[in-house]
Amino acid sequence: MPFEELTIARRDATANSANVTHLAWSPAGTRTEKLLAVGYDDGTLLVWSLDDRRAREDAEAHAPHALTLLRWSPGGEWLITADARAEASGELPELTLWRVDAQGRPTVRCSYRRPGVGCMRHAIFRTAGGTKKSVIDSSYAAAECPPFYVSGDGGVILYANDLGKSSTVVSDLGAPVVALLYDEPSNVLVAITSANIVATFSLAETKPTQLARVKMSMGKEGLQSAAWASPGHLAI
């Protein structure tokens, strides 16, 4: 299969020295499947289109803090980012939800800052049951994006939606979360911590219901990777 070497240039040529922290292709089979999202250590989000070889970027939402999270929704219309603001220095890490069109133009839908969450590094979208198109609260707005769960160094799990609502729904994991996975057929969330704890939760309701919590025996290097081998079967 032939390959092509490309250079994706930033809009500001002086910013090309920034380092890439994350790369993520939009999911295959979606209308945005030829879009590559790139996160930088200066807080820039860049979305590059394979079709027209153009890059669209936002250098303001997270600047100058490095991006620590980049996650597409399964449908390819939404993107989650987070940055490395240090709560100890008086700033709360920022989580941002973007709407991305077929040309790769990212638009901020919501931003969230909550104390005690820490640096956010993992996210999943709860897709079981689809997105409820109902009127919520008094804002007369309807949710379009699947709700999502985020975790990271704070050892907690945060719930959020595209209406700007967020809350800490799991606060007792006791150690940084190093992997967060979602099994859609069973609507189950799995969190793995740096203390080798594997916790599973049902997402039948907004607040996860714990199903099990076990301590795994791992080598001194700890968790290297975790992925679904098949529905309901996790390979660690």
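Structure shown above.
Residues numbered from 1 in each chain as written. Predicted model: local features only at pLDDT ≥ 70, side-chain atom pairs only at ≥ 80, totals over all residues. Heavy atoms only, no water.

Peer 1: Looking at this structure, how should I read the side chain of Thr96?
Peer 2: Relative to the elements of secondary structure, Thr96 occurs in strand β7 (residues 95–100). Within polar-contact distance, the side chain of Thr96 engages the side chain of His62 at 3.3 Å. In this view, Thr96 contacts His62, Leu79, Ile80, Thr81, Val108, Cys110 and Ser111; residues no more than four positions away in its chain are not counted. (Helix = DSSP H or I, 4+ residues; strand = E, 2+ residues; numbered from the N terminus. Polar contact = N/O pair within 3.5 Å; in protein donor to acceptor, adjacent residues only side chain to side chain. Contact = heavy atoms within 4.5 Å.)

Peer 1: How should the sheet that holds strand β5 (residues 67–72) be read in this particular structure?
Peer 2: One open sheet accounts for 4 strands, arranged β5-β6-β7-β8; its pairing is antiparallel. Every other strand in the sheet has two partners, leaving β5 and β8 (106–112) as the edge strands with one partner each. For this sheet the average axis-to-axis angle between neighbouring strands, irrespective of direction, equals 20 degrees. Note that β7 and β8 share 6 bridges and pair antiparallel. Looking across to β8, one finds that Leu95 is bridged to Tyr112. (Pairing = 2+ DSSP bridges. Axes fitted to C-alpha atoms, helices over the stretch in contact; angles between N-to-C directions.)

Peer 1: Where do I start with the sheet that holds strand β4 (residues 55–58) in this structure?
Peer 2: Backbone-to-backbone hydrogen bonds join strands into a sheet, with any given pair of strands oriented parallel or antiparallel. Taken in spatial order, the 4 strands line up as β1-β2-β3-β4 in an open sheet, and their pairing is antiparallel. The open sheet terminates on both sides in strands that have one partner only, identified here as β1 (20–25) and β4. Within this sheet the neighbouring strands show an average axis-to-axis angle of 15 degrees, counted without direction. Sheet topology places strand β3 (residues 45–49) next to β4; 4 bridges connect them, and they run antiparallel. Pairing of Val47 across the sheet is with Arg56, part of β4.

Peer 1: Explain the side chain of Asp183 here, please?
Peer 2: Positionally, Asp183 belongs in strand β15 (residues 177–183). Buried charge without a salt bridge: Asp183, with Arg71 as the nearest opposite-charge side chain at an N-O distance of 11 Å. Residues contacting Asp183, with those up to four places away along its chain left out, are Val188, Trp228, Pro231 and Gly232. (Buried < 20%, exposed > 50% of the residue type's maximum accessible area, 1.4 Å probe, protein only. Lys, Arg positive; Asp, Glu negative; His and termini not counted. Salt bridge = Lys/Arg side-chain N within 4 Å of Asp/Glu carboxyl O.)

Peer 1: It is not clear to me how the pairing of strand β17 (residues 197–202) should be interpreted in this structure. Could you clarify?
Peer 2: Successive residues of a regular strand alternate their side chains across the two faces of the sheet. Buried residues dominate β17, accounting for 6 of its 6 residues. Here β17 shows a buried face lined by Ile197, Ala199 and Phe201 and a second buried face lined by Val198, Thr200 and Ser202. The sheet contact formed by strand β16 (residues 188–193) and β17 spans 5 bridges and is antiparallel. Residue pairing across strands places Val188 opposite Ser202, the latter belonging to β17. What sits between the antiparallel neighbours β16 and β17 is a turn of 3 residues, in which Asn196 has the positive phi angle 65 degrees. The hairpin turn running from β17 into strand β18 (residues 209–215), its antiparallel successor, is 6 residues long.

Peer 1: For this particular structure, what's the right way to read the packing of aromatic side chains?
Peer 2: What describes a pair of aromatic rings is the distance from one ring centre to the other and the angle between the planes of the rings. Tallied over the entire structure, the rule returns 4 aromatic pairs. Seen in terms of ring centroids, Tyr112 and Phe148 are 6.1 Å apart; in terms of plane orientation they differ by 80 degrees. Their pairing is edge-to-face. Separated by 36 residues along the polypeptide, Tyr112 in strand β8 and Phe148 in strand β12 (residues 148–152) bring together distant segments of the chain. Using a relative accessible area of 4% as the deciding quantity, one classes Tyr112 as buried. Measuring from ring centre to ring centre gives 5.7 Å for Phe125 and Phe148, while their planes differ by 55 degrees; the resulting arrangement is tilted. Here Phe125 is found in strand β9 (residues 120–125), whereas its partner Phe148 is found in strand β12, with 23 residues between them in sequence. For the pair Phe125 and Phe148, one class covers both residues: buried. (Phe/Tyr/Trp six-rings, centres within 6.5 Å; stacked < 30°, edge-to-face > 60°.)

Peer 1: Whenever I open this one, the pairing of β15 confuses me. Can you help?
Peer 2: With respect to burial, β15 is a largely interior element, 6 of its 7 residues being buried. Both β15 and β16 contribute to a ladder of 6 bridges, which runs antiparallel. Of the residues in β16, the one forming a bridge with Val177 is Thr193. As consecutive antiparallel partners, β15 and β16 are separated by 4 residues, and within that stretch Asn187 has a phi angle of approximately 55 degrees, a positive value.

Peer 1: Explanation requested: the nonpolar core in the structure shown.
Peer 2: Burial of nonpolar side chains together is a common tendency in soluble globular proteins. Ranked by size, the top nonpolar core spans 18 residues in total, and within it Ile80, Leu95 and Phe148 carry the most contacts. Every element with two or more residues in this core is listed here: β6 (78–83), β7, β8, β9, β12 and β13 (157–160). The contacts of Leu95, once residues within four sequence positions are left out, are Leu69, Ile80, Thr81, Ala82, Cys110, Ser111, Tyr112, Met120, Phe148, Val150 and Leu158. Counting residues in hydrophobic clusters, the runner-up holds 15 residues, among them Val177, Leu189, Ala191 and Leu203. (Core = buried A, V, L, I, M, F, W, Y, C linked by side-chain atoms within 4.5 Å.)

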